[in-house]
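Here is what each chain is made of, one letter per residue.
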Amino acid sequence: MTTARVETRGSQQAQRGPAWLGETLGYLRRNPSMIVGGLLLLALVLFTGLGRLIVDTNAASPLSAPPAQPPGPGVPLGSDPQGRDILCVMILGTWLTVRTGLVAGALGVAVGSAIGLYAGYVGGRRDKAITWVVDVLLTVPAILLLVMIAAVVQTELTSLGMALIIAALAWRRPARQVRSQMLVIRNAGYIEMARLSGLGPLGIIFGEIVPNLLPFLISSFVTAVSAAILAGVGLEAMGLGPQNEPTLGMTIFWIMELSAFLRGMWWWIVPPLAILVVLFVGLYLVNAGLDELANPRLRRRA
């Protein structure tokens, strides 16, 4: 009997494995944008990941190369007027910019989801109070508060500090969206069965509700990362970013500050813009590919 059970369990797992693989491949076939977006993001990961292992990123500091040199031997992408090797700046700047987006997006989605789950689950006056606070904060222009905060702490600001500033406002929209999803799910039949079986609020939220919201949360995270990177680059382009770190936004600030367009320094202008275009297009395509998972109405079988 024991042997038969083990064989049966093994055969079920073997069948489940190919089925899961087939569903994944079918999903990717239906969503070519997901593949293209993933490849673009993978290219950036390899560029900044392998680049930091191969190239000495200390050359991203001023006076590390002959200033204002076009691409040539020793400086494949040229150098800026402050003597930074642009290749090293792009490798390090891509990592710092993406890290800012990931940290801010993760914190924003985590805090917003926790608030939305709590408000939607408890309901009543607490839900109304939390919803009122979130609605009021959503009317406040984010860029205004971000500029004010960044201007106050600019002298000691780092890329991680920038991420925390952006995350301070990034939780509002996820909180509202997750609460809306929670209002629909909390009265579902399987939630009532979980309550009748004696499962507590935390068990219901993390054991029953969060797994069903996971595709939506992943899509929200990708959107939050895109918004955080855009906000960070915008603040840095205004000169409100970390002055001692070569992020992509600060590179754009120095391009404008030192009149790279008027001086015809195309080798300094093109790389950061190209990386940002690849980054945002990749995130958009991945997010578009996740729509089928996040929105049940869009799910379709091959």
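Computed from a predicted model, the values in this text were never measured in an experiment.

Calculation rules
Residues numbered from 1 in each chain as written. Predicted model: local features only at pLDDT ≥ 70, side-chain atom pairs only at ≥ 80, totals over all residues. Heavy atoms only, no water. Helix = DSSP H or I, 4+ residues; strand = E, 2+ residues; numbered from the N terminus. Contact = heavy atoms within 4.5 Å. Areas by Shrake-Rupley, 256 points an atom, 1.4 Å probe, with all protein chains shown as cover. 1 Å grid on protein atoms, 1.4 Å probe; cavity = no way out; pocket = protein on both sides within 12 Å on 5 of 7 lines; lining within 4 Å. Points joined across faces, edges and corners; volume = space filled by probe spheres on them. Nonpolar A, V, L, I, M, F, W, Y, C, P; charged D, E, K, R; others polar. UniProt positions renumbered as here; feature names shortened; annotations may be inferred. Phe/Tyr/Trp six-rings, centres within 6.5 Å; stacked < 30°, edge-to-face > 60°. Buried < 20%, exposed > 50% of the residue type's maximum accessible area, 1.4 Å probe, protein only. Core = buried A, V, L, I, M, F, W, Y, C linked by side-chain atoms within 4.5 Å. Salt bridge = Lys/Arg side-chain N within 4 Å of Asp/Glu carboxyl O. Expected span 1.5 Å × (residues − 1). Polar contact = N/O pair within 3.5 Å; in protein donor to acceptor, adjacent residues only side chain to side chain.

### Some remarks on the overall build of the protein
Across its full length, the protein holds twelve helices and zero strands. When the helices and strands of the protein are listed from N to C terminus, the series reads α-α-α-α-α-α-α-α-α-α-α-α. Pairs at least 24 residues apart make up 71% of the contacts formed inside the protein by residues separated by at least 6 positions. Here the protein has roughly 16600 Å² of accessible surface; of this, 67% comes from carbon and sulfur atoms.

### Focus on empty space enclosed by the protein
Going through the model one piece at a time under the given rule, you end up with one cavity of 30 Å³ or more. In this structure, the largest cavity occupies an estimated 40 Å³ of space. Lining the largest cavity, in full, are Leu96, Thr97, Thr100, Gly101, Ala228, Ile229, Gly232, Val233 and Glu236. Of all the elements in the fold, those that place two or more residues in the lining of the largest cavity are helix H3 (86-122) and helix H9 (201-237). Residues that form the lining of the largest cavity fall into these classes: four nonpolar, four polar and one charged.

### Side note on the UniProt feature "transmembrane region" (unreviewed entry) in the protein
Listed under "transmembrane region" (unreviewed entry) in the UniProt record, and renumbered for this structure, are residues 34-55, 102-122, 129-151, 157-175, 187-207 and 272-290. Secondary structure across residues 34-55 comprises 95% helix and 0% strand; the distance between its end C-alpha atoms is 30 Å. Regarding residues 187-207, the helix share stands at 71% and the strand share at 0%, and the terminal C-alpha atoms are separated by 15 Å.

### Observations regarding the packing of aromatic side chains
According to the stated counting rule, one finds two aromatic pairs in the structure shown. For the pair Phe253 and Trp254, a centre-to-centre distance of 5.0 Å together with 65° between the ring planes defines the contact as edge-to-face. Each member of the pair, Phe253 as well as Trp254, is classed as buried. Ring centres of Trp266 and Trp267 lie 5.8 Å apart, and the angle between their planes is 85°; on these two criteria the pair is classed as edge-to-face.

### Notes on the environment of Leu248
As for its position among the elements, Leu248 is in helix H10 (residues 248-257). C-alpha of Leu248 to C-alpha of Pro272: the two residues are 24 residues apart in sequence and 5.9 Å apart in space. For Leu248, the contacting residues outside a window of four places in its chain are Met90, Gly93, Thr94, Thr97, Pro272, Ile275 and Leu276.

### Thoughts on the layout of surface pockets
Any empty space left between the atoms is revealed when a probe the size of a water molecule rolls over them. Considered as a void within the structure, the largest pocket measures approximately 530 Å³ in volume. What lines the largest pocket is a set of 23 residues, among which Ala170, Arg173, Pro174, Ala224 and Ala227 lie closest to the centre. Element by element, the count of residues in the lining of the largest pocket is highest for H9, at nine residues. In terms of residue class, the lining of the largest pocket is built from 15 nonpolar, six polar and two charged.

### Some remarks on unusual backbone geometry
At Leu63, a residue that is not glycine, the phi angle is positive and equals roughly 65°. As for its position among the elements, Leu63 is in the loop between helix H2 (32-54) and H3. On the accessibility criterion, Leu63 (78% relative accessible area) is exposed. Despite not being glycine, Ala68 shows a phi value in the positive range, around 55°. One can find Ala68 in the loop between H2 and H3. For Ala68, a relative accessible area of 29% corresponds to the partly exposed category.

### Digging into the nonpolar core
Judged by nonpolar contacts, the single largest core of 31 residues is most densely connected at Met90, Ile229, Ala260, Trp268 and Leu283. Breaking this core down by element, the ones donating at least two residues are H2, H3, H9, H10 and helix H11 (266-289). By residue number, the principal contributor to this core is H11, which donates eight residues. Discounting residues that sit within four places of it in the chain, Trp268 has contacts with Asp80, Pro81, Ile86, Thr251, Trp254, Ile255, Leu258 and Ala260. Core analysis: the next-biggest nonpolar cluster, separate from the first, contains 15 residues, Met182, Ile185, Ala194 and Leu217 among them.

### A look at the pattern of salt bridges
Any two side chains of opposite charge can pair, given that their charged atoms come close. Inspection of the entire model under this criterion finds three salt bridges. Here Arg84 and Asp80 are joined by a salt bridge, their closest N and O atoms 3.4 Å apart. Under the relative-accessibility criterion, Asp80 is labelled buried at 3%. Across the salt bridge formed by Arg179 and Asp127, the nearest N and O atoms sit 2.7 Å from each other. Taken as a pair, Arg179 in helix H7 (residues 172-185) and Asp127 in helix H4 (residues 124-138) lie far apart in primary sequence, 52 residues in all. Here Arg179 and Asp127 have matching classes, each one buried.

### Re H3
Given 3.6 residues per turn, any residue in an α-helix points the same way as the ones three and four places further on. Compared with the 54 Å implied by 1.5 Å per residue over 37 residues, the 53 Å span of H3 between its first and last C-alpha is a close match. One side-chain oxygen at the N-terminal end of H3 lies 3.0 Å from the backbone nitrogen of Leu87; it belongs to Asp85.

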